[in-house]
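# Structure assessment
The residues making up each chain are set out below.
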Amino acid sequence: MYVFRPDLEPLPSKRWLARRFPYREELIADLRQRTHRSPAPITVCPPNPRHFGRAIEKTFALDLCDTPPYPHLFASLPETGRRTLLTTAGYRPDQPGGDAAWRRTNSAVPGARLLTVGSVLSILEQALRQLPVTTPDEAHATLQGPLRDRRTIAVCAAATRAARPAFAAFWASYLSGFRAALRSYGPATAGPALLDGLRVADMLAGATIVELKTGHLIETHQFEGLIDQVLTYALLAAVSGYQVAAVAVYLARYHVLARYPIDALTAELAGGPVDTTEAGNHLAALIRAEHHQPPQPDRHGGLTVPIGGEAGAHHHA
């Protein structure tokens, strides 16, 4: 979620997005103006920007979600570790018992504690991506050893300590009004999976998809990449069963939160009204084709099939 890179050879799904939504100058100008108007952008840089970006995303989700986010990550942990992290983040079980649902009972957990949990979840997520596991039980069994290894604990602790100086500035900005604004959108869900997980957004707050960025946003290709991301999430939301009315871009380094209604956003970028359902099904077909997945029933009972032989690509911000 931190680094943008221009594609050496744009993927077919991105080529289609660029052709279908070519009028981007005004949106890029709007975002540039917002970042330029920032009174005091955060200048501190963490030693590991990628890890920091992932940890910040999870830290904010832990703060905003009433029930524990990222259930697949918590499920991969041994029970003792899972309970420790959930308790540290301010959650408690509804009732005694191993199967009880956990809910937030403390809305004033210090940011440093949430960052500790967010950092652990980020490292755990990276580990799971590299393991050939398919179920929580397999993940649990595979991770038992590494999680008890002192070297693993040392790596987690070092990553958390290294991130704290930068985190203090981002957390102070977040508390200055952005937390309240995000909560005003509605109940938060972290990491909503779109198109069976081929795309994963940062957060869904009410009917608004939220994309968080902690890095510098300067070059045109960075803005183009951001537009591709939010466009993809907006178009795939309905296909994936989510009721979404807007997308929001939270550029935390610049103290910017910009929210755009989907219909207005797609019309501006396309140069006219857009049938977002049709466009979403088209984009879904391209992405599934790239991943060599068979056509899937769409929400209207038909099939999404590749058009023009193009394909999409998985991108998790």
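Residues numbered from 1 in each chain as written. Predicted model: local features only at pLDDT ≥ 70, side-chain atom pairs only at ≥ 80, totals over all residues. Heavy atoms only, no water.

### Observations regarding unusual backbone geometry
Worth spelling out the cut-off: Here a helix means four or more residues in a row that DSSP labels H or I, a strand means two or more in a row labelled E, and each is numbered from the N terminus. Each residue is assigned to one of three classes by its accessible area relative to the maximum for its type, calculated with a 1.4 Å probe on protein chains only: buried under 20%, partly exposed between the two thresholds, exposed over 50%.
Within the chain, Asp196 stands out as a residue other than glycine whose phi angle is a positive 55°. If you trace the backbone, Asp196 turns up in the loop between strand E4 (193-194) and strand E5 (199-200). You can call Asp196 exposed: its relative accessible area is 61%. Its identity is not glycine, yet His255 carries a phi of approximately 55°, on the positive side. Assignment of secondary structure puts His255 in the loop between strand E8 (246-251) and strand E9 (256-261).

### Notes on the pairing of E9
Our working definition: DSSP bridges decide pairing: two strands pair if at least two such bridges lie between them.
Pairing between E8 and E9: six bridges, direction antiparallel. Its bridge partner lying in E9, Leu251 is registered against Val256. In this antiparallel pair of consecutive strands, E8 and E9, the connection spans four residues, and His255 shows a positive phi of 55°.

### Details of helix H2 (residues 25-36)
Residues lying three or four places apart along an α-helix face the same way, a consequence of the helix completing one turn every 3.6 residues. The test is simple: By definition here, a helix of n residues has an expected span of 1.5 Å times n minus one. This arc describes the spread of directions from the helix axis toward the C-beta atoms. We call two residues in contact when some of their heavy atoms are within 4.5 Å.
The terminal C-alpha atoms of H2, which comprises twelve residues, lie 16 Å apart, in line with the 16 Å expected from a rise of 1.5 Å per residue. Among the residues of H2, those classed as buried are Leu27, Ile28, Leu31 and Thr35. Summarising the axial view, the buried residues of H2 lie within an arc of 100°, below the 170-degree limit, and thus occupy one face. Away from its buried face by more than 90 degrees, H2 exposes Glu25, Glu26 and His36. Packing partners of the buried residues in H2 comprise helix H9 (220-239), E8, E9 and helix H10 (262-270).

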